[in-house]
Amino acid sequence: MHDQPSQSELVDAVRRFIAESAAPQLSGHTAFHARVAANVLDILARELESRNRNEGDEHKRLTALLGASGDGRSLDSLNRELCQKIASGELDLSTDGLMAHLKSTAIAQLKVDQPKYSGLKEALRE
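Residues numbered from 1 in each chain as written. Predicted model: local features only at pLDDT ≥ 70, side-chain atom pairs only at ≥ 80, totals over all residues. Heavy atoms only, no water.

A few words on the overall build of the chain. Regarding its fold elements, the chain presents five helices and zero strands. Listing every helix and strand of the chain by position from the N terminus yields α-α-α-α-α. By principal-axis analysis of the C-alpha atoms, the chain measures approximately 55 × 40 × 25 Å. Residues counted as buried form 25% of the 126 residues belonging to the chain. A separation threshold of at least 6 residues defines the contact pool for the chain, and within that pool the share at least 24 residues apart is 40%. (Helix = DSSP H or I, 4+ residues; strand = E, 2+ residues; numbered from the N terminus. Buried < 20%, exposed > 50% of the residue type's maximum accessible area, 1.4 Å probe, protein only. Contact = heavy atoms within 4.5 Å.)

Looking now at the pattern of salt bridges. Inspection of the entire model under this criterion finds ten salt bridges. For Arg 16, the salt bridge identified is with Asp 12, shortest N-O distance 2.9 Å. Of this pair, Arg 16 and Asp 12 both sit in helix α1 (residues 7–22), four residues apart, which is roughly one turn of the helix. Notably, a salt bridge pairs Glu 90 with Lys 85, separated by 3.6 Å at the nearest N-O pair. The class of Lys 85 is buried, set by a relative accessible area of 18%. Ionic contacts of the salt-bridge type, sharing partners, join the residues Asp 71, Arg 73, Glu 81, Lys 85 and Glu 90 into one network. (Salt bridge = Lys/Arg side-chain N within 4 Å of Asp/Glu carboxyl O.)

Before going further, it helps to spend a moment on the side chain of Thr 63. Residue position: Thr 63 is located in helix α2 (residues 28–66). Residue classification places Thr 63 among the buried residues on the basis of a relative accessible area of 15%. Within the local environment of Thr 63, its side chain forms a polar contact with the backbone oxygen of His 59, the two atoms lying 2.8 Å apart. Filtering out sequence-adjacent residues up to four positions away, Thr 63 remains in contact with Ala 68, Ser 69 and Leu 78. (Polar contact = N/O pair within 3.5 Å; in protein donor to acceptor, adjacent residues only side chain to side chain.)

To continue, consider a nonpolar patch on the surface. The grouping of Ile 86, Leu 93, Met 99 and Leu 102 at the surface amounts to a nonpolar patch, some 350 Å² of accessible area in total. With respect to the helices and strands, the residue Leu 93 is situated in the loop between α3 (75–88) and α4 (98–113). (Patch = residues over 30% accessible without salt bridge, like charges linked within 9 Å, V, L, I, M, F, W, Y side chains within 5 Å. Areas by Shrake-Rupley, 256 points an atom, 1.4 Å probe, with all protein chains shown as cover.)

Glancing now at the side chain of Glu 81. Within the secondary structure layout, Glu 81 lies in helix α3. Ignoring sequence-local partners within four residues, the contact set of Glu 81 consists of Leu 66 and Arg 73.

The next thing to look at is α4. Across its 16 residues, α4 extends 22 Å between first and last C-alpha, which sits within 8% of the 22 Å expected from 1.5 Å per residue. Structurally, α4 contributes buried residues whose contacts are with α2, α3 and α5 (118–125). (Expected span 1.5 Å × (residues − 1).)

What follows deals with the environment of Arg 73. With respect to the helices and strands, the residue Arg 73 is situated in the loop between α2 and α3. Judged by relative accessible area, which is 24%, Arg 73 ranks as partly exposed. In this structure, Arg 73 is in contact with His 59, Ala 68, Leu 78 and Glu 81, ignoring residues within four places of it in sequence.

Further remarks concern the environment of Ala 68. Among the secondary structure elements, Ala 68 is positioned in the loop between α2 and α3. The class of Ala 68 is buried, set by a relative accessible area of 7%. Through-space distance from the C-alpha of Ala 68 to that of Glu 9 is 37 Å; in sequence the pair is 59 residues apart. Not counting chain neighbours up to four residues away, the residues in contact with Ala 68 comprise Thr 63, Arg 73 and Leu 78.

Structural data, given as structure tokens:
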């Protein structure tokens, strides 16, 4: 069992300190770097919250897409195979499930890296 605070709570506490206490007292490049640090911590917090789910979903999609059911391969291994099959022409955008997988993977990453990206809102409506 893990004691409180959680990793996410620790990251958020540091982010809030930088953004709300330290950064307002800084100027110039130092203030800019403080904002960058706070943004990095925001990304890290979103990553901590969603990484396991995102990777699990991606693994399931790749397993189905590549017909790798039950072989216990890692996500990295499945992604390497996907890249090889795309590069060789064995898979292309006419392959059932490929576009949906690529879109889902990109959306999951955007939700972590750039949740305010205008294109993300459009992609989520489709």
